[in-house]
Amino acid sequence: MKLRSKAAALLLLAVAALLLALLSLRAGRSEPPAPPARPASAPQRHPAPVPARRSGPGALPGASPGARRRRPQRLRPRAGRRGAAGPEKLARRPGEPRGFQAVLPRELWMHLAVVACGNRLEETLVMLKSAVLFSHRKIQFHIFTEDSLKSEFDKQLRQWPDSYTKKFEHRIYPITFSVGNPQEWKKLFKPCAAQRLFLPVILKDVDSLLYVDTDVLFLRPVDDIWKLLRQFNSTQLAAMAPEHEIPKIGWYSRFARHPFYGSAGVNSGVMLMNLTRIRSAQFKNSMIPTGLAWEDMLYPLYQKYKNAITWGDQDLLNIIFYFNPECLYVFPCQWNYRPDHCMYGSNCKEAEREGVSVLHGNRGVYHDDKQPTFKALYEAVRD
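Fair warning: this is a prediction, and the values are worked out from it, not measured in the lab. (Residues numbered from 1 in each chain as written. Predicted model: local features only at pLDDT ≥ 70, side-chain atom pairs only at ≥ 80, totals over all residues. Heavy atoms only, no water.)

1. Comments concerning the overall build of the chain
- The helix and strand tally for the chain stands at 15 helices and nine strands.
- Looking at the 383 residues of the chain, the share that counts as buried comes to 43%.
- Accessible surface, the chain as shown: approximately 21900 Å² in total, 55% of it carbon and sulfur. (Helix = DSSP H or I, 4+ residues; strand = E, 2+ residues; numbered from the N terminus. Buried < 20%, exposed > 50% of the residue type's maximum accessible area, 1.4 Å probe, protein only. Areas by Shrake-Rupley, 256 points an atom, 1.4 Å probe, with all protein chains shown as cover.)

Printed below as a string of structure tokens:
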């Protein structure tokens, strides 16, 4: 009996000690809403506190001196990376307050460019709307358009709800070509489409850029395709998706009269670019034995192949990356999903597994009844 009593007593003492330890730990880590004042005569349970700093910008609202004493020491950035933080840490995530975006440094904004001429006003606005609807980080829109559309773009974008206009800024640029005959460039394939070739030259202060055609819809955050920039190796400076997944039914592999990238070519409707690398690179070519800078290469390349190209600027990009394949990162078809991927059966396996990330409604399928699903998605975002 004595042994049992002693065991019970020891067990009770152990439980009491454990409870006291837990209470002490909790008191040290959590902050009670309104801690009661300690009587002056009560013995101190802890060493005397360090004198509290005066209240200021760094003070915690409503915190007692004891709570301040236990505030964890703030980690300092490593030397050489003062204040540095990865984009994924600064991006707003679902559930975080919208005001969080205000602290995002401008150099971590995403940059999205589009070229819109003729009757592409509505289509472009719907594309921009899809980008804003789903994305977390702020976006800088670079809109290249004719003078007749500038005021309407500005008016329409400023009429969007405040909760969305806080997520982007926009700049509107004229259509300009730095080399060659501007009228010749402007009429190459679709109106103004060749403008995309000159983006590295015009946007000298932009490091990286996502270019998209007006008939593109984002079905997930732009943040996700922007992250692909981090997958570039040391030589890659642009990313595009294949023009076709199956070479035997591809256009380039059957009909092209000029060099093209890979076995089926690439589609330039969604193009991710490291502009800094493009501006500093020397590109191999079929005109001279040495390399040429991007701007110096464009017009001679066009002059050499203008009678052989069908798809304008996209063909020129295919020729460039045929001679410089190490410069291109090829991303899966789900990032540039077109009617070709489902017209004659499904041939984009990534989209089957993960869904469509970027929808590209080329051939006017948003505005006719040939592809009802493409049209329905476009109208849903538009409305």
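2. Re the state of the cysteines
- Across all of its chains, the model carries two disulfides by this definition.
- Residue pairing for cysteine 117: its cysteine sulfur links by disulfide to cysteine 192, the two sulfurs lying 2.0 Å apart. Looking down the S-S bond of the cysteine 117 and cysteine 192 bridge, the torsion is -100°, so its handedness is left-handed. Here cysteine 117 is found in the loop between strand E1 (110-116) and helix H4 (121-134), whereas its partner cysteine 192 is found in the loop between helix H7 (182-186) and helix H8 (199-202), with 75 residues between them in sequence. Grouping residues by exposure puts cysteine 117 and cysteine 192 together as buried.
- One disulfide bridge connects cysteine 333 with cysteine 348, the sulfur atoms lying 2.0 Å from each other. One quick way to see it: the torsion about the S-S bond of cysteine 333 and cysteine 348 is about 100°, and its sign makes the bridge right-handed. With cysteine 333 in the loop between strand E8 (328-330) and helix H14 (349-354) and cysteine 348 in the loop between E8 and H14, this pair connects stretches of sequence that are 15 residues apart. The exposure classification of cysteine 333 matches that of cysteine 348, with both residues buried. (Disulfide = S-S within 2.5 Å.)

3. A few points about the packing of helix H12 (residues 294-305) against helix H13 (residues 313-323)
- Contact geometry for H12 and H13: axes closest at 11 Å, N-to-C directions at 110°. Between H12 and H13, the crossing angle belongs to the class labelled roughly perpendicular. In terms of crossing hand, the pair formed by H12 and H13 is right-handed. Only Leu316, Leu317, Ile319, Ile320 and Phe323 of H13 make contact with H12, whose side of the interface consists of Trp294, Met297, Leu298, Leu301, Tyr302 and Tyr305.
- Among the residues forming the contact of H12 with H13, the class breakdown is 11 nonpolar, no polar and no charged. (Axes fitted to C-alpha atoms, helices over the stretch in contact; angles between N-to-C directions. Parallel < 35°, antiparallel > 145°, perpendicular 65-115°, else oblique. Left-handed = near helix turned anticlockwise from the far one by under 90°. Contact = heavy atoms within 4.5 Å. Nonpolar A, V, L, I, M, F, W, Y, C, P; charged D, E, K, R; others polar.)

4. Some words on the pairing of strand E6 (residues 238-242)
- Of all five residues in E6, five are buried, a share of seventy percent or more.
- In the sheet, E6 pairs with strand E7 (residues 266-274) via four bridges, with the strands oriented antiparallel. Within E7, the position partnered with alanine 238 by the bridge is methionine 273.
- The pairing of E6 with E8 spans three bridges and is classified as parallel. Within E8, the position partnered with methionine 240 by the bridge is valine 330. (Pairing = 2+ DSSP bridges.)

5. Considerations on the packing of H4 against helix H5 (residues 147-158)
- With their axes 11 Å apart at the nearest point, H4 and H5 run at an angle of 35° to one another. Viewed along their axes, H4 and H5 form a crossing whose handedness is right-handed. Here H4 contributes Leu121, Thr124, Leu125 and Leu128 to the contact with H5, which in turn contributes Leu149, Glu152, Phe153, Gln156 and Leu157.

6. With respect to H13
- The buried fraction of H13 amounts to nine of the 11 residues, a majority that puts the element mostly inside the structure.
- The set of residues buried in H13 consists of Asp313, Gln314, Asp315, Leu316, Leu317, Asn318, Ile319, Ile320 and Phe321.
- Structurally, H13 contributes buried residues whose contacts are with H7, E6, helix H10 (251-255), E7, H12 and E8.

7. Brief notes about the sheet that holds strand E3 (residues 168-173)
- What the seven strands build is an open sheet, ordered E3-E2-E1-E4-E7-E6-E8; its pairing is mixed. Two strands bound the open sheet, and with one partner strand each, they are E3 and E8. Within the sheet, the average angular offset between the axes of one strand and its neighbour, ignoring direction, is 25°.
- Of the strands in this sheet, E1, strand E2 (139-145), E3 and strand E4 (208-212) are in contact with H4, which crosses E1 at around 165°.
- Strand contacts of H5: E1, E2 and E3, with the helix running at about 170° to E3, the strand carrying the most contacts.

8. Some thoughts on unusual backbone geometry
- Although it is not a glycine, arginine 363 adopts a positive phi angle of roughly 65°.
- In this structure, arginine 363 sits in the loop between strand E9 (358-360) and helix H15 (372-382).

9. Overview of the pattern of salt bridges
- Applying the stated criterion across every chain, the model contains 14 salt bridges.
- A salt bridge links arginine 120 to glutamate 123; the shortest N-O distance between them is 2.9 Å.
- For arginine 120, a relative accessible area of 24% translates into the label partly exposed.
- What makes glutamate 123 buried here is its relative accessible area of 6%. (Salt bridge = Lys/Arg side-chain N within 4 Å of Asp/Glu carboxyl O.)

10. Section: the nonpolar core
- Ranked by size, the top nonpolar core spans 45 residues in total, and within it Trp185, Met273, Leu316 and Phe321 carry the most contacts.
- Within the residue set of this core, elements represented by two or more residues are E1, E4, E6, E7, helix H11 (275-280), H12 and H13.
- Ignoring anything within four residues of it in the chain, the contact list for tryptophan 185 reads Phe177, Val179, Gly180, Ala194, Leu197, Phe198, Leu298, Tyr299, Tyr302 and Leu316.
- Within the second largest apolar cluster, 36 residues are counted, among which are Ile143, Val212, Trp226 and Val270. (Core = buried A, V, L, I, M, F, W, Y, C linked by side-chain atoms within 4.5 Å.)

11. Quick look at the pairing of E7
- Among the nine residues of E7, nine are classified as buried, and the element is accordingly described as predominantly covered.
- Examined bridge by bridge, E4 and E7 share five bridges and lie antiparallel to one another. Note that in E7 the partner of serine 208 across the bridge is asparagine 274.

On their own, these measurements won't tell you what the molecule is for.
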